[in-house]
Amino acid sequence: MKFQQLRAFHVTASEGGVGRAARRLSVTQPTLSQHIKALEDRFGVALFEREGRRLRLTPVGERLFKMTSQLMTSWDEIENLLNQNNSVNAGRLRIGADAPMHAVELLHRYRQKYPNIEVSIRIQPGGSVLEQLEAANMDVAILVTPPAGGNFYLQPLNSEPLMAVVPIGHAIADLRSISLARLNEETLILRERRSMTRAAIEAELQARNLTPRSVVEISSREAIREAIARGIGVTLMVSSDCVPDPRLAVVPLDIEDSTTHLTEYVVTRQDRRRASVIREFLDIALVYAGELSHRK
């Protein structure tokens, strides 16, 4: 059994397909498939089964994937340790986020300081990002209200108020402020169910015993803005997501609801927070968080 075979299996399982895994590893698809087949043939097991155009792990494959996740984490830490010379000179950092704004800014700052580090960002629903982080397929994440304690280390990044976003010309658009109870009478557009932003908004409504009249589920902020502009419904967004758009109006919440904020955190696994590439990212994020706080 060779390390290349285990890595080929692990990356294919992470990416859900041979094509994406081959691009990530910079090898050809036949080479990758040969590594996986050699591993399966040697031990007489099937690690994947095809489900449409995707590959799905078999029960044995799922158990092996948990083990290879631990192995790849250790491998990355060994590589980072041996590559560093009292500073971060080489290695890889994988960032996950449920929104691009702060993630891209932090990537920019990290690359300026450590240009030799290979850095990538994946934008996914918060629940998916958290799973990838737990499986060591991501190194750090920027998430709204992730679970505290347990296997995760949370470092506060930014807290922003929720704002109502409605189509221009709507009766709400001319109000100086609006209550969550009044907004609840509208069709509410929310992110997909794995979104932590959606979960936080629903928690705020439930705390006030409010149930939306109807809900439309849309998976991206850009598509939500387009839906609002067409009069499909209204939504709640943090202030930084309320980009200028002549078709939309942004209305603050009433004073009794004005304490409704969403807090974003930089998240990593407790057992990985001291890895050099992650530690440096946390330090950069801490400085950035201070800047954001002073702007308010």
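Up top is the structure these notes are about.
Summarised in this report is the structure supplied together with it.

Rules used in this analysis
- Residues numbered from 1 in each chain as written.
- Predicted model: local features only at pLDDT ≥ 70, side-chain atom pairs only at ≥ 80, totals over all residues.
- Heavy atoms only, no water.
- 1 Å grid on protein atoms, 1.4 Å probe; cavity = no way out; pocket = protein on both sides within 12 Å on 5 of 7 lines; lining within 4 Å.
- Points joined across faces, edges and corners; volume = space filled by probe spheres on them.
- Helix = DSSP H or I, 4+ residues; strand = E, 2+ residues; numbered from the N terminus.
- Nonpolar A, V, L, I, M, F, W, Y, C, P; charged D, E, K, R; others polar.
- Salt bridge = Lys/Arg side-chain N within 4 Å of Asp/Glu carboxyl O.
- Buried < 20%, exposed > 50% of the residue type's maximum accessible area, 1.4 Å probe, protein only.

1. Things to note about the layout of surface pockets
Counted as a void, the largest pocket has a volume near 510 Å³. Lining the largest pocket are 21 residues, with Arg 24, Leu 25, Arg 92, Arg 94 and Glu 118 sitting closest to its centre. Every element with two or more residues in the lining of the largest pocket is listed here: helix H1 (3–15), helix H2 (18–25), helix H4 (59–83), strand E3 (92–97) and strand E4 (118–123). In terms of residue class, the lining of the largest pocket is built from nine nonpolar, three polar and nine charged. Estimates place the volume of the second largest pocket at around 300 Å³. In this structure, the second largest pocket is lined by 14 residues; those nearest its centre are Phe 65, Glu 131, Gln 132, Ala 135 and Asn 137. Of all elements in the fold, only H1, H4 and helix H6 (126–134) reach the threshold of two or more residues within the lining of the second largest pocket. Counted by class, the lining of the second largest pocket contains three nonpolar, seven polar and four charged residues.

2. Quick word on the pattern of salt bridges
Applying the stated criterion across every chain yields a total of 19 salt bridges. Residue Arg 94 pairs with Asp 139 through a salt bridge whose shortest N-O separation is 3.0 Å. With Arg 94 in strand E3 and Asp 139 in the loop between H6 and strand E5 (140–144), the pair connects residues that are 45 residues apart, well separated along the chain. Taking the relative accessible area as the measure of exposure, Arg 94 reaches 7% and is therefore buried. Overall, Asp 139 belongs to the buried group, its relative accessible area being 3%. Through salt bridges with shared partners, one network takes in Glu 226, Arg 230, Asp 245 and Arg 247.

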